[in-house]
2 protein chains.
Amino acid sequence: MRRNTDIKRRSDCPLNVSLEIFGDRWTLLIVRDIMLKGRARFGELLEGGEGIASNILTDRIARLEAHDLLERHRDSSDARRFTYRLTRRGIDLAPVLYEMILWAAQHEATAAPPDEVEAMKRDRAGYLTAIHQAWTKSAM
Amino acid sequence: MRRNTDIKRRSDCPLNVSLEIFGDRWTLLIVRDIMLKGRARFGELLEGGEGIASNILTDRIARLEAHDLLERHRDSSDARRFTYRLTRRGIDLAPVLYEMILWAAQHEATAAPPDEVEAMKRDRAGYLTAIHQAWTKSAM
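Source: prediction; values computed, not measured. Here the residue numbering is sequential within each chain, running from 1 through the sequence in written order. Numbering of ligands from 1 and lettering of chains from A proceed in the order in which they are written. Predicted model: local features are reported for residues with pLDDT of at least 70 only, side-chain atom pairs are reported and counted for 80 or more only, and whole-chain, interface and lining totals are derived from all residues. With hydrogens and water stripped out, all remaining heavy atoms of the structure feed into the side-chain values.

Enquirer: Just to check I follow, could you spell out the packing of aromatic side chains for this structure?
Expert: The description of two aromatic rings rests on the distance between their centres and on the angle between their planes. Between rings of Phe, Tyr and Trp, where Trp is taken as its six-membered ring, a pair exists when centres lie within 6.5 Å; planes separated by under 30 degrees are stacked, by over 60 edge-to-face, and by other angles tilted. Inspection of every chain in the model, using the stated rule, returns four aromatic pairs over all chains. Ring centres of F22 of chain A and W103 of chain B lie 5.4 Å apart, and the angle between their planes is 85 degrees; this geometry places the pair in the edge-to-face category. Remark: W103 of chain B occurs in helix α6 (residues 94-107) and F22 of chain A occurs in helix α1 (residues 14-22); the pair is interchain, linking two chains. This pair shows no difference in class: F22 of chain A is buried, exactly as W103 of chain B is. Two limits define a charge over a ring: the Lys NZ or Arg CZ must be within 6 Å of the ring centre, and within 35 degrees of the ring normal. Here the guanidinium or amino end of R10 of chain A rests over the ring plane of W26 of chain B, the centre of that ring lying 4.2 Å away. In this structure, R72 of chain B is placed above the aromatic ring of F82 of chain B, and the distance from its NZ or CZ to the ring centre is 4.6 Å. The numbering of helices and of strands both runs from the N terminus, where a helix is a DSSP run of H or I of at least 4 residues and a strand a run of E of at least 2. Burial classification: accessible surface area is computed with a 1.4 Å probe over protein chains only, and a residue below 20% of its type maximum counts as buried, one above 50% as exposed, and the rest as partly exposed.

Enquirer: What is the right way to read the interface of chain A and chain B from this model?
Expert: For an interface, size is often stated in terms of accessible area lost upon the parts coming together. In this analysis, two residues are considered to be in contact whenever any of their non-hydrogen atoms come within 4.5 Å of each other. Of the residues lining the interface, 45 residues belong to chain A; the matching set on chain B comes to 45 residues. Counting the surface chain A buries against chain B, the share from its top three residues, L15, R25 and W103 of chain A, is 19%. By definition here, a salt bridge exists when the distance from a side-chain nitrogen of Lys or Arg to a carboxyl oxygen of Asp or Glu is within 4 Å. The interface formed by chain A and chain B contains six salt bridges. Between R89 of chain B and E108 of chain A there is a salt bridge, and its shortest N-O distance comes to 2.6 Å. Throughout, buried area stands for the accessible area (probe radius 1.4 Å) lost by two parts on being put together, summed over both.

Enquirer: When you look at the relation of the copies chain A and chain B in this model, what are you seeing that I'm missing?
Expert: To superpose the copies, least squares is applied to the C-alpha atoms of every residue with a pLDDT of at least 70 in both. Once chain A is rotated about the relating axis by 180 degrees and shifted along it by 0.0 Å, it coincides with chain B to within an RMSD of 0.0 Å. When the rotation and shift are considered jointly, the pair of chain copies conforms to a two-fold rotation axis. No C-alpha of chain A lies nearer the rotation axis than that of D24 of chain A, which sits 2.6 Å from it. Most of the interface of chain A is mirrored in chain B, where 100% of its interface residues again form contacts.

Enquirer: What's the story with the pairing of strand β2 (residues 78-86) of chain B in this structure? I'm lost.
Expert: In summary, the side chains of a regular strand alternate between the two faces of the sheet. All names here are of chain B. Bridge count for strand β1 (residues 70-75) against β2 is six bridges, and the pairing is antiparallel. Bridge assignment links R72 to a residue of β2, and that residue is Y84. Pairing between strands is defined by DSSP: at least two bridges between the two strands are required. Linking β1 back to β2 in an antiparallel pair, the connection comprises two residues.

Enquirer: When you look at the packing of helix α2 (residues 27-36) of chain A against helix α1 (residues 14-22) of chain B in this model, what are you seeing that I'm missing?
Expert: Angle between the axes and distance between the axes: these two values describe a pair of packed helices. For every element, the axis is a line fit to its C-alpha atoms; helices are fit only across the contacting stretch, and the angle between N-to-C directions ranges from 0 to 180 degrees. The interhelical angle for the contact between α2 of chain A and α1 of chain B, taken along N-to-C directions, is 170 degrees, at an axis separation of 10 Å. With respect to their mutual orientation, α2 of chain A and α1 of chain B come out roughly antiparallel. Along the contact surface, α2 of chain A presents L28, L29 and R32 of chain A, while α1 of chain B presents L15, N16 and L19 of chain B. Following the grouping adopted for this structure description, the nonpolar residues are Ala, Val, Leu, Ile, Met, Phe, Trp, Tyr, Cys and Pro, the charged ones are Asp, Glu, Lys and Arg, and the polar ones are all others, Gly among them. In terms of residue class, the contact of α2 of chain A with α1 of chain B is made up of four nonpolar, one polar and one charged. Geometric relationships in this document are graded by angle, where less than 35 degrees denotes roughly parallel, more than 145 denotes roughly antiparallel, 65 to 115 denotes roughly perpendicular, and other angles denote oblique.

Written as structure tokens, this is what we have:
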């Protein structure tokens, strides 16, 4: 598995570093499902709504773990299986997701209900705090 | 050239819509060079620091134009050439870039000077306003 330290980056620009870590179309969808939809198991992540292939999901989970964005735990109800939880570095992606959700909701036709978008826009801090609280709770 | 309306999306989730439009490793680097480094010509964008290939740059500029994030103008000093400017939809990506820059600056080793990162963090609104003002000025 690749470790952060092994990676030869194209540049040390912080935007480039972020893009090299999570800048592909699938990674943030997996983060979304864990962060915003409370999904935790491989099978749940496979049913994310965009039809991710099983081998891509496996690859992206491994990358997320290698970059210390995601951590794996034994499932308490079935020791042969795993659940996934975001690390602190992972939950700190919440503002990135927030801005990407808001951009599309404001500029494109999406499934986001307008009143929910308005509420998100009006109370950025509240939205981000609620995500953080749900994450803290998920450790218990 | 693809138009927005022709695209069959994997889902209408606003995060997915954003990722389908600008969720690849190169697109936001081009947006960064135009938005934050004041670059406007193809040759300048080719020298972005990450070694983008000329054919990829051509493809991503076409995609950015098709999605109405970028517009092309005749270069006033050389009518055979073009300059590129972000549209309103394009400049509205500033908060997405801001959060991605900040995430890497806080969690990874990057080239971002710590005092600049601190200033960005301390004054999010001021940073975004300055970007917007530079964009408005670039229309004159």
